[in-house]
Amino acid sequence: MSIYQQILSRKLLGRKQLAVLVDPDKTGGKPLEKLAAEAEKNAIDYFFVGGSLLTNGDLSECVATIKNSCNVPVILFPGSVQQIDARADALLFLSLISGRNPELLIGHHVTAAPLLIDRKLEVISTGYLLIESGNVTTVQYVSNTLPIPANKTDIAAATALAGEFLGMKLIFAEAGSGAKNPVSEEMISAIKSYITVPLIVGGGIRTPEKVAANFKAGADLIVIGNSLEKNPELLSAMAEAANY
């Protein structure tokens, strides 16, 4: 079964899914090996690997460490064309549909496409929505786009639906890594009411209570990251929250 079929089938069964985001700039070596072991122990569904800007991290080494330490599938969450590694299981082919930067809507994708044929990675078309978070996140700055205002649930829902109509298999709504305010339950519910494809939510999710609330609002898959860098023991509590 492909990664996308797995995500979709679990959604249809009503099973909530949890992913751990790893930024190669911030996590590696022994701490990553430990996190991978904990992820498998707590039945985490996926690892997402990538970052808006890689400066001193090694994405290939990060992917290899995870693959050598556990059996949790690795999905690339690329911030640039350079963030591709054949050892991963799949790649989110992200189009930043919330913004109006043509390079992130289609431009970089043209450059990446031939590389992805050679790497034989499973490619999953994903509509990416950046939501206002209360502070300027790295992805907002690097992408040179305006996020959807946090109170404009109608715009977010219509944008997500447009992405689905364009053929995108997943919708990923997030406030960005290190966000001050995560995507609200109101916005998650609004997006969910418009789309039929799986909905991923991430950015600024720091507590098990927020995980449970987001699932209840309609998220099919939640991505957690920064909170685990400072408090790895949260992983088991967040995994339990997936069964809210």
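Below, the structure is looked at part by part. Computed from a predicted structure; not experimentally measured.

## A few points about the sheet that holds strand β7 (residues 199–202)
Then comes step 1: Spatial ordering of the closed barrel is given by β1-β2-β3-β4-β5-β6-β7-β8, a layout of 8 strands whose pairing is parallel. For this sheet the average axis-to-axis angle between neighbouring strands, irrespective of direction, equals 30°.
Then comes step 2: Examined bridge by bridge, strand β5 (residues 122–130) and strand β6 (residues 170–174) share 5 bridges and lie parallel to one another. Looking across to β6, one finds that Leu129 is bridged to Ala173.
Then comes step 3: Contacting β5, β6 and β7, helix α7 (residues 185–194) runs over the sheet at an angle of about 165° to β7.

## Quick word on the pattern of salt bridges
Then comes step 1: Using the criterion set out here, one finds 7 salt bridges in the structure.
Then comes step 2: With a shortest N-O distance of 3.6 Å, Glu33 and Lys30 are connected by a salt bridge. Highlighted residues: Glu33 and Lys30, both in helix α2 (residues 29–41), separated by 3 residues, approximately one helical turn.
Then comes step 3: Classification of Glu33 as partly exposed rests on a relative accessible area of 34%.

## Re α7
Then comes step 1: Restricting attention to buried positions, one finds in α7 the residues Met187, Ile188, Ala190 and Ile191. The buried side chains of α7 occupy one side of the element, clustering within an arc of 165° when seen end-on. Seen from the buried face of α7, the exposed residues on the opposite side, beyond 90 degrees, are Glu186 and Ser193.
Then comes step 2: Those residues of α7 hidden inside the fold are in contact with β5, α6 (153–165), β6, β7 and α8 (208–217).

The rules behind the values
Residues numbered from 1 in each chain as written. Predicted model: local features only at pLDDT ≥ 70, side-chain atom pairs only at ≥ 80, totals over all residues. Heavy atoms only, no water. Pairing = 2+ DSSP bridges. Helix = DSSP H or I, 4+ residues; strand = E, 2+ residues; numbered from the N terminus. Axes fitted to C-alpha atoms, helices over the stretch in contact; angles between N-to-C directions. Contact = heavy atoms within 4.5 Å. Salt bridge = Lys/Arg side-chain N within 4 Å of Asp/Glu carboxyl O. Buried < 20%, exposed > 50% of the residue type's maximum accessible area, 1.4 Å probe, protein only. Arc of directions from axis to C-beta.

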